[in-house]
Amino acid sequence: GGLPTFLDFSANFHSEQVAVEAEDSWLDQLARGGGEGDGAEPAVFAGDDTWGGLYGAAGRGADASLFAREYPFDSFNTRDLHGVDDGVLRTLPSELFGRSDWTVLVAHFLGVDHVGHTHAADHPKMAAKLTQIDEALGAMLARLDGDDAAGGAMTCAAAGGDRATCGGADDG
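Cut-offs used in this document
- Residues numbered from 1 in each chain as written.
- Predicted model: local features only at pLDDT ≥ 70, side-chain atom pairs only at ≥ 80, totals over all residues.
- Heavy atoms only, no water.
- Helix = DSSP H or I, 4+ residues; strand = E, 2+ residues; numbered from the N terminus.
- Buried < 20%, exposed > 50% of the residue type's maximum accessible area, 1.4 Å probe, protein only.
- Polar contact = N/O pair within 3.5 Å; in protein donor to acceptor, adjacent residues only side chain to side chain.
- Contact = heavy atoms within 4.5 Å.
- Pairing = 2+ DSSP bridges.
- pLDDT = per-residue confidence, 0-100.
- Salt bridge = Lys/Arg side-chain N within 4 Å of Asp/Glu carboxyl O.
- Axes fitted to C-alpha atoms, helices over the stretch in contact; angles between N-to-C directions.

(A) Spatial organisation of the side chain of His114. Inspection of the secondary structure assignment puts His114 in helix H6 (residues 111-119). Judged by relative accessible area, His114 falls into the buried class, the value being 4%. A distance of 3.3 Å separates a polar atom in the side chain of His114 from the backbone oxygen of Asn77. For His114, the residues in contact, after removing those within four places along its chain, are Ser75, Asn77, Thr78, Asp80 and Leu81.

Given below as structure tokens:
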């Protein structure tokens, strides 16, 4: 495995907010009520703390955060393979099963990326991390599917990642 270069790291220090005037985003659209609903759509976030610097209270101030609630976890230590993911997994049950006051839930798991940077994609820790994430997503999707079947709101789930290595530990 390998770590990002110094220049990559320096670009991530003190993440600045994404200015609405300069960059439009789906989160800004939700917060402004840019959809077909009758107003702002609440979003909740859990995971990589960079999101808080870009869209949350850390970057925009508590009154301007695009999130109704946010659960940021320190993401800087690429040798920490579980901290962010464990934090997200602790947060998801209360948001998925205990609350219904949000329209969008962003859950940013980071362990797969950290395993890739620290050990590379073919390391046994990658298989274990992928299994953990697969099980977490499976449980979440089963819950969402159950809500739809019980007459709840229609649900859209999206998953993505950047861990497409090219024989090394960089982000392909």
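(B) Representation of H6. For H6, the buried fraction is high: 8 of the 9 residues fall into the buried class. Within H6, the full set of buried residues consists of Gly111, Val112, Asp113, His114, Val115, Gly116, His117 and Thr118. One or two steps after H6, the chain reaches Ala120, where phi turns positive at roughly 85 degrees.

(C) Highlighting the environment of Leu27. With respect to the helices and strands, Leu27 occurs in helix H2 (residues 26-32). Taking the C-alpha atoms as reference points, Leu27 and Val104, separated by 77 residues in sequence, lie 9.1 Å from one another. Contacts of Leu27, omitting those with residues within four sequence positions, involve Ala43, Trp51, Tyr55, Leu66 and Phe67.

(D) Representation of the pairing of strand S1 (residues 43-48) in the model. Within S1, 6 of the 6 residues are buried, which leaves the element mostly enclosed by the surrounding structure. For S1 and strand S2 (residues 69-73), the ladder comprises 5 bridges, and the chain directions are parallel. Paired with Val44 across the bridge in S2 is Arg69.

(E) Local environment of the confidence of the model for the chain. Looking at the chain as a whole, its pLDDT mean stands at 77, while 71% of the residues score no less than 70. Averaged pLDDT values for the elements of the chain fall to 46 in helix H1 (residues 6-10) and rise to 93 in S2. Scored below 50 in pLDDT, residues 1-10 shows 14 contacts in the model against residues more than four places distant or in partner chains.

(F) How the structure looks around the pattern of salt bridges. In the structure shown here, the tally under the stated rule is 5 salt bridges. A salt bridge links Arg99 to Asp101; the nearest nitrogen and oxygen atoms lie 3.5 Å apart. Given a relative accessible area of 38%, Arg99 falls into the partly exposed group. Ionic contacts of the salt-bridge type, sharing partners, join the residues Arg69, Glu95, Arg99 and Asp101 into one network.

(G) Up close: the sheet that holds S2. Spatially, S2-S1-S3 is the arrangement adopted by the 3 strands of the open sheet, whose pairing is parallel. In this open sheet, the two edge strands, each paired with only one partner strand, are S2 and strand S3 (104-108). Between one strand axis and the next, the sheet turns by 0 degrees as a mean value, whatever way the strands run. Along the sheet face, helix H5 (residues 83-98) touches S1, S2 and S3 and points at about 160 degrees away from the line of S2.

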